[in-house]
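# Summary of the model geometry
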Amino acid sequence: MLKRLSLPLMAGLVVALSGCGLIYKPTGHVLAHYSQDEVVPYVIGSGDLDLSACGTGMGQHQLLASFGRVIGRPSNVLLNTSLLAGLCSEAEAQEEQLRFARALREGNTEEARDARVESQRLFRRTALRRYAVYRDTVDAFGELGNGECPSLGNDVEEFEYMVGTLTSVQALLSDIQASSSVGVPQDVAARAGRATECMDNEKWWGVPNALQAVVWLSVPGTAPEGSDAWTQLTEAADYGESKGMPMAAMLYALAGYGQSDEAREKQGIRQVAKIYNAGDGPPDYMILSEVAYAQALYLSDRIWTRETGQRTPFLALGDFPGDDDSSESDSNFDAGSFLD
């Protein structure tokens, strides 16, 4: 009797186990579509950058990427999670750069060397993640700047194409800060500059034109005859301000930093602070405002740390050492009035 029962039991077990493969594929498709349709819009509308970058990016990437073993790689979704994870490791690298600046200012060479090495390690990790964004952007939409614009079905795909292109440029910059140890192709920036022609500059708050101008400044020979990168950056930043979006202004500040033009860098930082503090940004894309603010704050922290040994005072983005109205809010805090 036991033998007669064991055969159907074993057959049922085999069917059940083989059915796991049948379950994985529809589960993968459901999760990929759900992530693209619901998770991505939710995250880009989030105002919590740390939770989005280090939570969603770091926490969800491996799970979603694993379904590439049973279905086609969900490149659209993964470019978002890699992008967010790159922001997380970049923030860590920037903290190490600030530690390097403080140690250098204090004459502590051992501490400075240690911070320098750690920042390079973290920028390498960031470059790897951003290079993955570039590859997934190409996989999802085709090679950047190849003379043909991709077919983009909705606002989310347009957004992904834009931020994927922007992050591809950042991959190259992160790799340079990691002594080019990753090997991000040198022509990525030029390709990204051409790809901006496929984006709606007005719809996306001047960011495409700002990115294009940054490429013109960074890659010799890419600017068309008669073009003026700084004029285009200024117009893009001002247009972004009219729409409440500080991303183009942040790119202006970043360009100033990259060109060692501190006056323009400070101008861009001040404009980011003005736009951000007005609080009129598009609510469905809050994460871009948060990214712009965080990047501008880091640039400001570099200036403050170099001049004073401390980062930007609390809620004082846009003020700089030596300004008449520079904030000293931390040192002027009145504990007694708070407790009353």
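Owing to the predicted nature of the structure, the values given are computational and were not obtained by experimental measurement.

## A short note on the packing of aromatic side chains
Overall, the coordinates contain nine aromatic pairs when judged by the stated rule. On the numbers, 5.2 Å between centres and 65° between planes, the contact of Trp 205 with Tyr 285 is edge-to-face. With a gap of 80 residues between them, Trp 205 in the loop between helix 6 (188-195) and helix 7 (207-218) and Tyr 285 in the loop between helix 10 (262-278) and helix 11 (286-308) connect regions that are remote in the sequence. Summarising the burial analysis for this pair, Trp 205 and Tyr 285 share the class buried. One aromatic cluster in this structure is built from Phe 159, Trp 204, Trp 205 and Tyr 285. Taking the ring centre of Tyr 131 as reference, the NZ or CZ of Arg 135 above it sits at 4.6 Å. The ring of Trp 230 is capped by Arg 264, whose NZ or CZ atom sits 4.3 Å from the centre of that ring.

## A closer look at the nonpolar core
Phe 159, Met 162, Trp 205, Leu 233, Met 247, Leu 251 and Leu 288 are the most contacted members of the largest nonpolar core, which totals 72 residues. The element best represented in this core is helix 11, accounting for ten residues. For Trp 205, the contacting residues outside a window of four places in its chain are Met 162, Ala 236, Tyr 239, Gly 240, Lys 243, Met 245, Ala 248, Pro 282, Tyr 285 and Leu 288.

## Some words on the packing of helix 5 (residues 155-177) against helix 6
As a packed pair, helix 5 and helix 6 sit with axes 8 Å apart at the nearest point and diverge in direction by 155°. Relative to helix 6, the element helix 5 is oriented roughly antiparallel. As for the relative orientation of helix 5 and helix 6, their crossing is left-handed in sense. In contact with Tyr 161, Thr 165, Ser 168, Val 169 and Leu 172 of helix 5, helix 6 contributes Val 188, Ala 189, Ala 192 and Ala 195. Each residue belonging to the contact of helix 5 with helix 6 can be placed in one class, and the counts come to seven nonpolar, two polar and no charged.

## Looking at the environment of Gln 120
Structurally, Gln 120 can be placed in helix 4 (residues 109-141). By relative accessible area, which is 22% here, Gln 120 ends up partly exposed. Between the alpha carbons of Gln 120 and Ala 93 there is a distance of 7.4 Å; along the sequence they are 27 residues apart. Not counting residues within four places of it along the chain, the set of residues in contact with Gln 120 comprises Gln 177, Ala 178 and Ser 179.

## Notes on the confidence of the model for the protein chain
Mean pLDDT over the protein chain: 85, with 81% of residues reaching 70 or higher. Per-element mean pLDDT across the protein chain ranges from 37 in helix 12 (residues 335-339) up to 98 in helix 8 (residues 229-242). Under a pLDDT of 50 for its full length, residues 13-18 has, in the predicted model, zero contacts with residues more than four places off or in other chains. Counting interchain partners and residues more than four positions distant, the pLDDT-below-50 stretch residues 327-340 has nine contacts.

## A few points about the state of the cysteines
The tally for this structure, following the rule as stated, stands at one disulfide. Residue Cys 149 pairs covalently with Cys 198 via a disulfide, S to S 2.1 Å. Classification of the bridge connecting Cys 149 and Cys 198 rests on its S-S torsion, roughly -85°, and on that basis the disulfide is left-handed. Of this pair, Cys 149 sits in the loop between helix 4 and helix 5 while Cys 198 is found in the loop between helix 6 and helix 7, placing the two residues 49 residues apart along the sequence.

## Quick notes on the pattern of salt bridges
Note on pairing: side chains with opposite charge can pair once their charged atoms come close. On inspection of all chains with the given rule, the structure shows 16 salt bridges. Notably, a salt bridge pairs Arg 99 with Glu 111, separated by 2.7 Å at the nearest N-O pair. Of this pair, Arg 99 sits in helix 3 (residues 75-106) while Glu 111 sits in helix 4, and the two are twelve residues apart along the sequence. According to the relative accessible area criterion, Arg 99 is buried, its value standing at 18%. For Glu 241, the salt bridge goes to Lys 274, with nearest N and O atoms at 3.0 Å. In this pair, Glu 241 is assigned in helix 8 and Lys 274 in helix 10, connecting sequence segments 33 residues apart. Residue classification places Glu 241 among the partly exposed residues on the basis of a relative accessible area of 27%. Note on Lys 274: relative accessible area 55%, which makes it exposed. Here the residues in one salt-bridge network are Glu 96, Arg 99, Glu 111 and Asp 114, joined through shared partners.

What counts and how
- Here the residue index of a chain counts from 1 through its sequence in written order.
- In view of the model being predicted, local features appear only for residues whose pLDDT reaches at least 70, and side-chain atom pairs are presented and counted only at 80 or more, with totals across whole chains, interfaces and linings using the full set of residues.
- For side-chain calculations, the full set of non-hydrogen atoms in the structure is used, while hydrogens and water are omitted.
- Stacked, tilted and edge-to-face pairs are distinguished by plane angle, under 30 degrees for stacked and over 60 for edge-to-face with tilted covering the rest, among Phe, Tyr and Trp rings (Trp via its six-membered ring) whose centres lie within 6.5 Å.
- Labels follow the DSSP assignment, with helices taken as runs of H or I lasting at least four residues and strands as runs of E lasting at least two, numbered in each case from the N terminus.
- Partly exposed residues are those whose accessible area sits between 20% and 50% of the maximum for their type, while under 20% is buried and over 50% is exposed, using a 1.4 Å probe and protein chains only.
- Geometrically, a lysine NZ or arginine CZ counts as sitting over a ring once it is within 6 Å of the ring centre and also within 35 degrees of the ring normal.
- By nonpolar core is meant a set of buried Ala, Val, Leu, Ile, Met, Phe, Trp, Tyr and Cys residues that side-chain atoms within 4.5 Å join together.
- Contacts: residue pairs with any heavy atoms within 4.5 Å of one another.
- For helices, the fitted axis covers only the stretch in contact; all axes are lines through C-alpha atoms, and the angles between them, taken along N-to-C directions, range from 0 to 180 degrees.
- Reported orientations rely on four angle classes, namely roughly parallel under 35 degrees, roughly antiparallel over 145, roughly perpendicular from 65 to 115, and oblique for the rest.
- Each helix crossing is assigned a hand: it is left-handed if the near helix lies turned anticlockwise from the far helix by less than a right angle, otherwise right-handed if that turn is clockwise.
- Residues are grouped as follows: Ala, Val, Leu, Ile, Met, Phe, Trp, Tyr, Cys and Pro are nonpolar; Asp, Glu, Lys and Arg are charged; all remaining types, including Gly, are polar.
- pLDDT measures how confident the predictor is about each residue, on a scale from 0 to 100.
- Pairs of cysteine sulfur atoms within 2.5 Å are what we label disulfides.
- The salt bridge definition used is simple: a Lys or Arg side-chain nitrogen within 4 Å of an Asp or Glu carboxyl oxygen.

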